[in-house]
Amino acid sequence: MWDSGKELAEYEYLLVLQKAGKVKTIELQPKFGLQPAFTYQGKKKRAITYKADFRITMADGREIIVECKGFRTRSYQMRKKMLLHKYPELEFKEIT
């Protein structure tokens, strides 16, 4: 179920924060649309999405996207940049 021990440890930490009343909700692997699917010269191109590890809603209503990373691939860096551009209202937390 978990991609890494780091991700599991973060989930357990978020559960502690939730029990303490600091976190309202924890959503696992939320998806964000970055670019819709389209057709180019008769060929269908798939949509580009970003799947985070967690989306948490804090007690004060702020939403935070949490990403646990051991290694930052080029694809990850590009998608993260697109996510931050398209959803500037989100707070992003990367755990390395």
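A few points on the structure. Just so it is clear, the structure is predicted and the values come from calculations on it, not from any experiment.

**Description of the pairing of strand E7 (residues 63-68)**
Next, step 1: Counting buried residues along E7, 5 of its 6 residues qualify, which places the element largely inside the surrounding structure.
Next, step 2: The sheet contact formed by strand E6 (residues 54-58) and E7 spans 4 bridges and is antiparallel. Bridging from a neighbouring strand, arginine 55 pairs with isoleucine 65 of E7.
Next, step 3: Taken together, the 5 bridges between E7 and strand E8 (residues 91-95) define a ladder with parallel strand orientation.

**A word on the sheet that holds E6**
Next, step 1: Reading across the sheet, the 4 strands line up as E1-E6-E7-E8 and stay open at both edges, with mixed pairing between neighbours. Both edges of this open sheet fall to strand E1 (23-28) and E8, since each of them pairs with a single strand only. Taken over all neighbouring pairs, the strand axes of this sheet differ in orientation by 25° on average, direction set aside.
Next, step 2: With respect to the sheet, helix H2 (residues 74-86) is in contact with E7 and E8, its orientation differing from that of E8 by roughly 160°.

**Points about the packing of aromatic side chains**
Next, step 1: Inspection of every chain in the model, using the stated rule, returns 3 aromatic pairs.
Next, step 2: Consider the rings of phenylalanine 32 and tyrosine 87, whose centres lie 5.4 Å apart with planes at 65°: the pair is edge-to-face. Remark: tyrosine 87 occurs in the loop between H2 and E8 and phenylalanine 32 occurs in strand E2 (residues 31-35); sequence separation between them is 55 residues. Accessibility classification places phenylalanine 32 together with tyrosine 87 in one group, the buried group.
Next, step 3: Here the guanidinium or amino end of lysine 69 rests over the ring plane of tyrosine 76, the centre of that ring lying 4.5 Å away.

**As for the pattern of salt bridges**
Next, step 1: Inspection of the entire model under this criterion finds 7 salt bridges.
Next, step 2: Residue glutamate 91 is joined to arginine 62 by a salt bridge in which the shortest nitrogen-to-oxygen separation is 2.8 Å. Separated by 29 residues along the polypeptide, glutamate 91 in strand E8 and arginine 62 in the loop between E6 and E7 bring together distant segments of the chain.
Next, step 3: By relative accessible area, glutamate 91 is classed as partly exposed at 36%.
Next, step 4: Residue classification places arginine 62 among the partly exposed positions, given a relative accessible area of 36%.
Next, step 5: Between glutamate 94 and arginine 72 there is a salt bridge; the shortest N-O distance is 2.7 Å.

**Section: helix H1 (residues 5-19)**
Next, step 1: Taking 1.5 Å of rise per residue, 15 residues should cover 21 Å, and H1 covers 21 Å from first to last C-alpha, within 8% of that figure.
Next, step 2: For H1, the set of buried residues is Glu7, Glu10, Leu14 and Leu17. Down the axis of H1, the sector holding all buried residues measures 75°, keeping them to one side. Exposed side chains of H1 directed beyond 90 degrees from the buried face belong to Gly5, Val16 and Lys19.
Next, step 3: Along its buried surface, H1 packs onto E1, E6, E7 and E8.
Next, step 4: Just past H1, the residue glycine 21 takes up positive phi, approximately 85°.

Parameters and conventions
Here the residue numbers are simple positions, counted from 1 along each chain's written sequence. Note on the predicted model: pLDDT of at least 70 is required for a residue's local features to be given, and 80 or more for side-chain atom pairs to be given and counted; whole-chain, interface and lining totals, by contrast, use all residues. No hydrogens and no water enter the side-chain calculation; it runs on all heavy atoms of the structure. Categorising residues by exposure relies on relative accessible area from a 1.4 Å probe, with only protein chains included: less than 20% of the type maximum marks a residue as buried, more than 50% marks it as exposed, and the intermediate range marks it as partly exposed. Here a helix means four or more residues in a row that DSSP labels H or I, a strand means two or more in a row labelled E, and each is numbered from the N terminus. Criterion used throughout: strands pair if DSSP finds at least two bridges between them. In this analysis, axes come from line fits to C-alpha atoms, helices being fitted only over the stretch in contact, and the angle between any two N-to-C directions falls in the range 0 to 180 degrees. For this analysis, residues touch if any pair of their heavy atoms sits within 4.5 Å. Pairs were defined over the aromatic rings of Phe, Tyr and Trp, the Trp ring being its six-membered one, requiring ring centres within 6.5 Å. Orientation was assigned from the angle between planes: stacked under 30 degrees, edge-to-face over 60, tilted for the rest. The rule for a charge over a ring is simple: NZ of Lys or CZ of Arg within 6 Å of the ring centre, and within 35 degrees of the ring normal. What makes a salt bridge here is a side-chain nitrogen of Lys or Arg within 4 Å of a carboxyl oxygen of Asp or Glu, nothing more. For a helix, the expected span equals 1.5 Å multiplied by the number of residues minus one. Throughout, the arc means the angular range of directions from the helix axis out to the C-beta atoms.

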